[in-house]
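Close look at the chain arrangement
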Amino acid sequence: EGTYIAKPLYTYAGAFYKTIAPVSYDGENYTYIDIEGNNLLDTQYAYTSEFYDDGFSLIKTHTEKWFLINSKGIPLFDKEYDVLISGNDLKWFLEN
């Protein structure tokens, strides 16, 4: 084991898609940062995925609801869903 020169900021950091990446500071709450490390969302979530090739990412709330955002961090729908599954060619199937 080595010694930290600087304490890590994140317990998890996903790959950047354009200028946005999912991160977690504690392994239980997730958000997104930009390339300068600024938080892009005010809320912490139970799960945030990396971005898929179609430019969308999955988010799971702490109340077990799902929704999608685009690469600008904007939700694609006005409501959240109980089930959100990816099908062929990343077409999304939603169930409320």
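Right, let's walk through the structure included here. Note that the coordinates shown come from a computational prediction; the quantities given were computed from them, not determined experimentally.

**Some points on the pairing of strand E2 (residues 20-24)**
The buried count for E2 comes to five of five residues, which makes it a mostly enclosed element. Alternating positions in E2 separate into two faces, Ile-20, Pro-22 and Ser-24 on one and Ala-21 and Val-23 on the other, with burial throughout. Pairing between strand E1 (residues 12-13) and E2: two bridges, direction antiparallel. Residue pairing across strands places Ala-13 opposite Val-23, the latter belonging to E2. Hairpin remark: E1 followed by E2, antiparallel, with six residues in the connecting loop; positive phi at Lys-18, about 60°. Of the pairings in the sheet, the one linking E2 to strand E3 (residues 30-34) comprises five bridges and is antiparallel in character. Paired with Val-23 across the bridge in E3 is Thr-31. Hairpin connection of E2 to E3: five residues between the antiparallel strands, including Gly-27 at a positive phi of 85°.

**A closer look at the sheet that holds strand E6 (residues 66-70)**
Taken together, three strands build an open sheet; the order of strands is E4-E5-E6 and the sheet is antiparallel. In the strand order of this sheet, the two ends are held by strand E4 (47-48) and E6, each with one partner. Across five bridges, strand E5 (residues 56-60) lies against E6 in antiparallel orientation. Looking at the pairing, Ile-59 lines up with Phe-67 of E6.

**What about the nonpolar core?**
Counting eight residues, the largest nonpolar core consists of Ile-20, Tyr-32, Leu-41, Tyr-45, Phe-51, Ile-59, Phe-67 and Ile-69. Contact partners of Phe-51, with chain neighbours within four places excluded, come to Tyr-17, Ile-20, Tyr-32, Phe-56, Ser-57, Ile-69, Asn-70 and Ser-71.

**Here we look at the environment of Ala-46**
Position of Ala-46 relative to the elements: it lies in the loop between E3 and E4. On the basis of relative accessible area, Ala-46 is assigned to the partly exposed category, the value being 25%. Residues Ala-46 and Thr-61 lie 15 residues apart in sequence; the distance between their C-alpha atoms is 5.3 Å. In contact with Ala-46, not counting residues within four places along its chain, are Glu-28, Tyr-30, Lys-60, Thr-61 and His-62.

**Digging into the pattern of salt bridges**
If you walk through the whole model with that rule in mind, you get two salt bridges. Residues Lys-60 and Glu-64 are paired through a salt bridge, measuring 3.1 Å at the closest nitrogen-oxygen approach. One salt bridge in this structure joins Lys-65 and Asp-82, with 2.3 Å as the shortest N-O distance. With Lys-65 in the loop between E5 and E6 and Asp-82 in the loop between E6 and strand E7 (83-86), the pair connects residues that are 17 residues apart, well separated along the chain. Residue classification places Lys-65 among the partly exposed positions, given a relative accessible area of 25%. Residue class for Asp-82 comes out partly exposed when judged on its relative accessible area of 37%.

Procedures and definitions
- Residues numbered from 1 in each chain as written.
- Predicted model: local features only at pLDDT ≥ 70, side-chain atom pairs only at ≥ 80, totals over all residues.
- Heavy atoms only, no water.
- Buried < 20%, exposed > 50% of the residue type's maximum accessible area, 1.4 Å probe, protein only.
- Helix = DSSP H or I, 4+ residues; strand = E, 2+ residues; numbered from the N terminus.
- Pairing = 2+ DSSP bridges.
- Core = buried A, V, L, I, M, F, W, Y, C linked by side-chain atoms within 4.5 Å.
- Contact = heavy atoms within 4.5 Å.
- Salt bridge = Lys/Arg side-chain N within 4 Å of Asp/Glu carboxyl O.

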